[in-house]
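Here's the letter readout for the chains.
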Amino acid sequence: MTKKPSAVSELLHHRARSLSKGDPISLPIMASTTFLLPGDPDGSHFYGRNGNPTVETVEAEIGLLENAETVLFPSGMAAIAAVFHTVLRPGDKVLVHADGYYNVRALLNEYFVPRGVAVETCPTADMAEADMSGCRLVMIETPSNPGLDVCDIAAVADRAKSAGALLVADNTTATPLCQQPLDLGADIVLMADTKAMAGHSDVLCGHVASRDTSLMNQVRGYRRLGGAIVSPFDAYLLHRGLETLELRVSRANQNALTLANFLSSHPSVQSVRYPGLPRDASHAVAARQMRDFGPIVSFTLKDRETAEKFISNNALIVPATSFGGVHTSAECRVRWGDQVTDGFIRLACGIEPSEDLVMSAENALREIGPV
Ligand code: PLP
């Protein structure tokens with residue numbers, strides 16, 4: 001049997017396959033809101049909120065990675081909000097991660113609870129044993145951000161199915177190159193493409209993907225009426241990032257593993273979390289369901305002051321929030337109210353050479369001195 005190229009190669013050649021002689025190789029930014037429409041509508045483009053060729057090309061590219069229909073949004077939160085608006089009705093119950101991205105819980109508590117939706121939380125590490133009875137939707141984020149706990153997606157999916165709930169997986173920290181929640185039984189996968197997918201810290205965007213056509217029709221319909229449309233310029237930037245996704249993700253992951261190993265053996269570091277470390281509490285499950293372990297390492301220094309010194313002493317760390325970009329960045333997550341200790345640092349690896357990052361971390365720790 002003839003073997004097929006990987007989704008990464010398919011993505012890179014996707015546009016070229018539909019070109020005619022004289023067509024541009026790179027993706028044109030179709031900036032028109034309005035398209036010629038004489039006579040009756042016939043399915044062709046007519047208005048930007050309903051469809052745009054640049055945006056649709058990028059949806060098809062991500063669709064190759066997800067192996068599922070994909071709808072783009074102008075941020076990760078817009079993608080999450082679209083799923084909640086599409087699925088949830090008054091009287092529904094949601095079970096959501098207690099330790100994943102905090103704005104997901106804020107969105108539910110501030111805008112859905114007042115409209116009659118009940119919200120329960122569960123730590124990521126306990127999701128596979130959670131009580132899901134009566135739930136309409138279960139949302140996981142694995143590895144969780146910033147604690148890097150992992151749940152067994154297939155086990156959670158089985159449990160959600162038995163309870164009659166839809167399973168939504170936020171795959172932002174992993175990307176489809178490292179983990180495929182839809183193959184493991186999730187009904188919907190969504191991501192902040194703002195992070196590794198676009199990858200250059202210059203565009204907010206997100207997507208929802210599912211193999212359930214009726215659900216995706218509802219998500220697309222909600223986007224058309226709600227109006228959360230990604231601009232063709234931003235879609236182009238995402239496309240540009242996707243073309244180097246595999247190279248960036250593999251270097252960032254390699255950097256994370258190298259730094260996690262270095263930090264684990266340093267006497268000033270109290271603890272390290274990285275699902276790729278064989279002794280990490282998440283490793284066994286992560287190794288079963290992930291191809292690689294992502295760009296984020298979390299670790300703990302003595303206190304907030306020491307942690308801030310590490311960040312400011314380190315010449316190869318940008319003190320910033322977010323992750324998935326080309327520059328390594330870090331922050332004390334306690335500043336956002338995450339349930340972590342004062343000295344807890346989320347370090348998001350970029351694509352610098354690994355040896356430079358280790359040298360820079362070593363220098364920063366040396367400057368702090370013994371703690
Ligand atoms: N999901 C995760 C795991 C995130 O870390 C973030 C943002 O940090 C989001 C969703 C939201 O994405 P955006 O900032 O693009 O709205």
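Residues numbered from 1 in each chain as written. Predicted model: local features only at pLDDT ≥ 70, side-chain atom pairs only at ≥ 80, totals over all residues. Heavy atoms only, no water.

1. Re the sheet that holds strand β10 (residues 318-319)
So, point 1. Read across the sheet, five strands follow the order β8-β9-β12-β11-β10 without closing on themselves; strand pairing throughout is mixed. In this open sheet, the two strands that pair with only one neighbour each are β8 (271-273) and β10.
So, point 2. Relative to strand β12 (residues 344-348), strand β9 (residues 296-300) is paired through five bridges, and the arrangement is antiparallel. Within the sheet, the bridge partner assigned to I296 lies in β12 and is A348.
So, point 3. Across the sheet, helix α8 (residues 245-264) touches β8, β9 and β12, and the angle it forms with β9 is around 15°.
So, point 4. Helix-sheet contacts for helix α10 (residues 304-313) involve β9, β10, β11 (329-332) and β12, and the interaxial angle to β11 is about 165°. (Pairing = 2+ DSSP bridges. Helix = DSSP H or I, 4+ residues; strand = E, 2+ residues; numbered from the N terminus. Contact = heavy atoms within 4.5 Å. Axes fitted to C-alpha atoms, helices over the stretch in contact; angles between N-to-C directions.)

2. Here's the deal with the sheet that holds strand β4 (residues 137-141)
So, point 1. What the seven strands build is an open sheet, ordered β1-β7-β6-β5-β4-β2-β3; its pairing is mixed. Lying at the two open borders of the sheet, with one neighbouring strand each, are β1 (69-73) and β3 (118-122). On average, each strand axis in the sheet is inclined to that of its neighbour by 20°, with strand direction left out of account.
So, point 2. Looking at chain direction, strand β2 (residues 93-97) and β4 are connected through three bridges and run parallel. The partner of V94 across the bridge, within β4, is L137.

3. Some points on the site of the ligand
So, point 1. Around the ligand there are 14 residues in total, and G76, M77, D170, T194 and K195 lie nearest to it.
So, point 2. Here a nitrogen atom of the ligand and a side-chain polar atom of D170 are 2.7 Å apart.
So, point 3. In the model, an oxygen atom of the ligand is placed 2.6 Å from a nitrogen or oxygen of the T194 side chain.
So, point 4. Its free accessible area being 400 Å², the ligand has 92% of it covered by the protein chains.
So, point 5. More than half of the atoms belonging to the ligand lie within 2 Å of the grid points that define the largest pocket.
So, point 6. Broken down by element, the residue count for the shell around the ligand peaks at three residues, all from helix α3 (residues 76-87).
So, point 7. The residue inventory of the shell around the ligand, partitioned by class, reads six nonpolar, five polar and three charged. (Near = heavy atom within 4 Å. Polar contact = N/O pair within 3.5 Å; in protein donor to acceptor, adjacent residues only side chain to side chain. Areas by Shrake-Rupley, 256 points an atom, 1.4 Å probe, with all protein chains shown as cover. 1 Å grid on protein atoms, 1.4 Å probe; cavity = no way out; pocket = protein on both sides within 12 Å on 5 of 7 lines; lining within 4 Å. Sits in = over half its atoms within 2 Å of the grid points. Nonpolar A, V, L, I, M, F, W, Y, C, P; charged D, E, K, R; others polar.)

4. What about the domain arrangement of the protein?
So, point 1. Split into domains, the protein comes out as domain 1 (7-34 + 50-242) and domain 2 (247-368).
So, point 2. Computed from C-alpha atoms alone, the centre-to-centre distance between domain 1 and domain 2 is 25 Å.
So, point 3. Taken residue by residue, the interface counts 31 residues in domain 1 and 30 residues in domain 2.
So, point 4. Between domain 1 and domain 2 the total buried area reaches about 2400 Å² when both faces are included, carbon and sulfur atoms providing 55% of it.
So, point 5. It is P146, L148 and C178 in domain 1 that bury the most area against domain 2; as a group they hold 26% of the surface buried on that side. (Domains from an automatic or database assignment. Buried area = accessible area lost by both parts, 1.4 Å probe.)

5. Here's the deal with the layout of surface pockets
So, point 1. There is about 370 Å³ of room inside the largest pocket.
So, point 2. Taken together, 21 residues make up the lining of the largest pocket; nearest its centre are Y101, A192, K195, S322 and F323.
So, point 3. In terms of residues, the lining of the largest pocket owes the most to one element, α3, which gives three residues.
So, point 4. Its residues assigned to classes, the lining of the largest pocket comprises eight nonpolar, eight polar and five charged.
So, point 5. Of the residues that make up the lining of the largest pocket, three or more belong to each of domain 1 (7-34 + 50-242) and domain 2 (247-368). (Points joined across faces, edges and corners; volume = space filled by probe spheres on them.)

6. As for a nonpolar patch on the surface
So, point 1. A cluster of nonpolar side chains, L37, F46 and Y47, forms an exposed patch at the surface whose accessible area comes to about 250 Å².
So, point 2. Looking at where L37 falls in the secondary structure, it is placed in the loop between α1 (7-13) and α2 (53-66).
So, point 3. Residue class for L37 comes out partly exposed when judged on its relative accessible area of 34%. (Patch = residues over 30% accessible without salt bridge, like charges linked within 9 Å, V, L, I, M, F, W, Y side chains within 5 Å. Salt bridge = Lys/Arg side-chain N within 4 Å of Asp/Glu carboxyl O. Buried < 20%, exposed > 50% of the residue type's maximum accessible area, 1.4 Å probe, protein only.)

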